[in-house]
Amino acid sequence: MQVSKPKKISSNLEYIKRNYILYLLIAPAIILTIIFKYIPIYGALIAFKDYSPIRGIMGSEWVGFKHFTDFLTSPNFLQILVSTIKLSSFELLIGFPIPIILALMLNQLRKSGVKKNIQLVLYAPHFISVVVISGMVFLFLSPVGPINAILGIFTDKPISFMSDPDYFRSIYIWSGVWQGAGWASIIYVAALANVDPQLHEAATLDGASLLQRIWHIDLPTLKPVMAVLFILAAGGIMGIGFEKAYLLQTSMNIPSSEIIATYVYKQGLLAGDYSFATAVGLFNAVVNVILLVFVNQVVKKLNEGEGLI
């Protein structure tokens, strides 16, 4: 029997009235989300207008998809797009499995004191500022830095790591892995804590090796968590971080370091072309949404219908 719409509304209002304390608790989060996430979407209109700060958004001339066309036909489009996709894809492929491997290794440690000390060392880089990390990278990889001092034993000429575009992606990705892999492993360590120790004991008695126990017990436990985190990571593949890419950027490594995020910053805030920068950012966001939906559908097919959305 289908409940009529007025009765359903009345029932919902009655439920809210009974549990109004719970709704008051989440009200600040909802208000902040609306103010800082939904209201700014109004500014996306700038991408379709020839925006002038003096005339405002509504007073500026409507130009439709002109700025999108300018970006898609610009000589820098393919270079920036390929650089963004390469950098984010390599970061995903290399950076995603490492926290899982760390969690599996930490899960095998039985002495709690040793485990806590190792976790402290692994988590510590996460709390270092990106600015400090970038400064450390420049310091260690400079022509007179410690890395070149060690390489000087084998070669006579120092390597200009930060000036060579071929080294930029490796530097960006591995410095990110060092900084974030330990912290990212926390959720996997927490998931492995729910594994019943008796399963491992039974598997050991049956003659299962360590790798067999990890494959048949630990990984199936992590599978749902891995699926959700992979979808989120793949969905944000075009939203690679701006800060470190910009801080590690030099005039010599531009072919590899110039990505959509840094391009938007330069065009919008430095050059003052707000409409064009907004159009590029909106294009980036649309591609992110498409990737999120696509990857979610792929993961659902591979994960027995379980996905993020």
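Per chain, residues are indexed from 1 in the order of the written sequence. The predicted nature of this model means local features are confined to residues of pLDDT at least 70 and side-chain atom pairs, given and counted, to a pLDDT of 80 or more, with totals for whole chains, interfaces and linings taken over all residues. Water and hydrogen atoms were dropped before computing side-chain values, which therefore reflect all heavy atoms in the structure.

Visitor: Just checking my understanding: could you explain the side chain of threonine 84 for this structure?
Guide: Starting at the N terminus, helices and strands are each numbered in turn, a helix being any DSSP run of H or I of at least four residues and a strand any DSSP run of E of at least two. Along the polypeptide, threonine 84 turns up in helix α5 (residues 77-95). The contact definition used throughout considers only heavy atoms, calling two residues in contact when any of these lie within 4.5 Å. Residues contacting threonine 84, with those up to four places away along its chain left out, are Ile237, Met238, Ile240, Ile259 and Ile260.

Visitor: What is the right way to look at the packing of aromatic side chains in this model?
Guide: In this description, an aromatic ring pair is defined by two values, namely the gap between the centres and the angle between the planes. Only centres within 6.5 Å qualify two rings of Phe, Tyr or Trp (six-membered ring in Trp) as a pair; their planes then separate them into stacked at under 30 degrees, edge-to-face at over 60, and tilted for everything else. With the rule as written, the count across this model stands at 19 aromatic pairs. Taking 5.7 Å as the distance between ring centres and 55 degrees as the angle between the ring planes, the aromatic pair formed by phenylalanine 65 and phenylalanine 68 counts as tilted. Think of it in three bands: with a 1.4 Å probe and only protein chains considered, a residue is buried below 20% of the maximum accessible area for its type, exposed above 50%, and partly exposed in between. We classify phenylalanine 68 as buried; its relative accessible area is 13%. Relative to tyrosine 246, the ring of phenylalanine 242 has its centre 5.3 Å away and its plane inclined at 25 degrees; by these criteria the two rings are stacked. With phenylalanine 242 and tyrosine 246 both in helix α14 (residues 242-247) and 4 residues apart, the pair spans about one turn of that helix. In textbook terms, an aromatic cluster arises when at least three aromatic residues are bridged by ring pairs, as seen for Phe71, Phe77, Tyr263, Phe276 and Phe283. When the ring centre of tyrosine 172 is taken as reference, the NZ or CZ atom of lysine 244 above it lies at 4.5 Å. Only when the NZ of Lys or the CZ of Arg is both within 6 Å of the ring centre and within 35 degrees of the ring normal is a charge said to sit over the ring.

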